[in-house]
Amino acid sequence: MAIRTIRVMGDEILEKKCREIKEVTPRIQELIDDMFDTMYDANGVGLAAPQVGILKRVVVIDTDGTGYVLINPEIIETDGSQTGQEGCLSLPGKYGIVTRPNYVKVRAYDENMEPFELEGEGLLARAICHECEHLEGVMYVEHIEGELMDVETDIEE
Ligand code: NI
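These figures come from a predicted structure and were not determined experimentally.

Visitor: Looking at this model, I keep getting lost on the overall build of the chain. Mind explaining?
Guide: Summing up its helical and strand segments, the chain has 2 helices and 8 strands in all. Starting at the N terminus, the α and β elements of the chain follow one another as α-β-β-β-β-β-β-β-α-β. Based on the C-alpha atoms only, the size of the chain along its principal axes is roughly 40 × 40 × 30 Å. Looking at the 157 residues of the chain, the share that counts as buried comes to 45%. A separation of at least 24 residues holds for 67% of the contacts in the chain among residues at least 6 apart in sequence. Surface accessibility of the chain: about 8,600 Å² in total, with carbon and sulfur atoms responsible for 45%. Mean positive and mean negative side-chain charge positions of the chain (14 and 33 charges, respectively) differ by 9 Å.

Next up, the structure:
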């Protein structure tokens, strides 16, 4: 396990489309493990492979204590809408208001390359949409309503 460097906006790798994964090799498994470590270390709720410099279609998400790995994810159903704050580990200290579906169903492959479907509402739905877009080279700032804002942080020493 290892924590990888998170690429920040401006790095052109975040603007590229990722390639499908055909097989979970030991190298891909290591990538997935490292992505979880990196996401948890940064207190994030989702991370996509291009954010650690790898142009492959895999994301990890944990919005509620359950870690999900989505390989080659494809959103197959959406419903409703939610408007709220969204941020990204590739744009630290910032957030914006983004409207997303309130419900999402995604089809993906797990670490054994078995297909499965995951349904999410609220924050999980938002995270699924956000992370899947990273695989297309899209950052959430393309959708923000109004200005990009600074997260107010309390500095305590
Ligand atoms: Ni992000």
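Having seen the model, we can carry on.
Visitor: I would appreciate a short explanation of the sheet that holds strand β7 (residues 115-121) in the present structure.
Guide: What links the strands of a sheet is backbone hydrogen bonding, and the strands pair in either a parallel or an antiparallel sense. Reading across from one edge, β1-β2-β3-β6-β7 is the order of the 5 strands in this open sheet, with antiparallel pairing throughout. Looking along the sheet, the strands with just one partner apiece sit at the ends: β1 (46-48) and β7. Between one strand and the next, the sheet's axes are offset by a mean angle of 35°, whatever the strand orientation. Alignment of β1 against strand β2 (residues 58-61), held across 3 bridges, turns out to be antiparallel. Looking at β2, one finds that Leu47 is bridged to Val60. Its contacts with the sheet put helix α1 (residues 26-41) on β1, β2 and β3 (68-79), and the angle it makes with β2 is roughly 40°. Those strands touched by helix α2 (residues 123-134) are β1, β2, β3, β6 (103-109) and β7, and its axis lies near 125° from that of β7.

Visitor: Is there a simple way to explain the coordination of the nickel ion in this structure?
Guide: Between any two of four tetrahedral donors, the ideal angle at the metal is 109.5 degrees; between two of six octahedral donors, it is 90 or 180 degrees. For the nickel ion, every protein donor is listed as Cys88 (SG), His130 (NE2) and His134 (NE2), and the spread of their distances is 2.0 to 2.3 Å. Along the chain, the residues donating to the nickel ion are arranged with the sequence spacing C-x41-H-x3-H. Here Cys88 is found in the loop between β4 (82-86) and β5 (94-100), whereas its partner His130 is found in helix α2, with 42 residues between them in sequence. Assigned by exposure class, Cys88 and His130 land together as buried.

So, how was this worked out
Residues numbered from 1 in each chain as written. Predicted model: local features only at pLDDT ≥ 70, side-chain atom pairs only at ≥ 80, totals over all residues. Heavy atoms only, no water. Helix = DSSP H or I, 4+ residues; strand = E, 2+ residues; numbered from the N terminus. Buried < 20%, exposed > 50% of the residue type's maximum accessible area, 1.4 Å probe, protein only. Contact = heavy atoms within 4.5 Å. Areas by Shrake-Rupley, 256 points an atom, 1.4 Å probe, with all protein chains shown as cover. Lys, Arg positive; Asp, Glu negative; His and termini not counted. Charge placed at Lys NZ, Arg CZ, Asp CG, Glu CD. Pairing = 2+ DSSP bridges. Axes fitted to C-alpha atoms, helices over the stretch in contact; angles between N-to-C directions. Donors = N, O, S within 2.8 Å, 3.2 Å for Na, K, Ca; no water.

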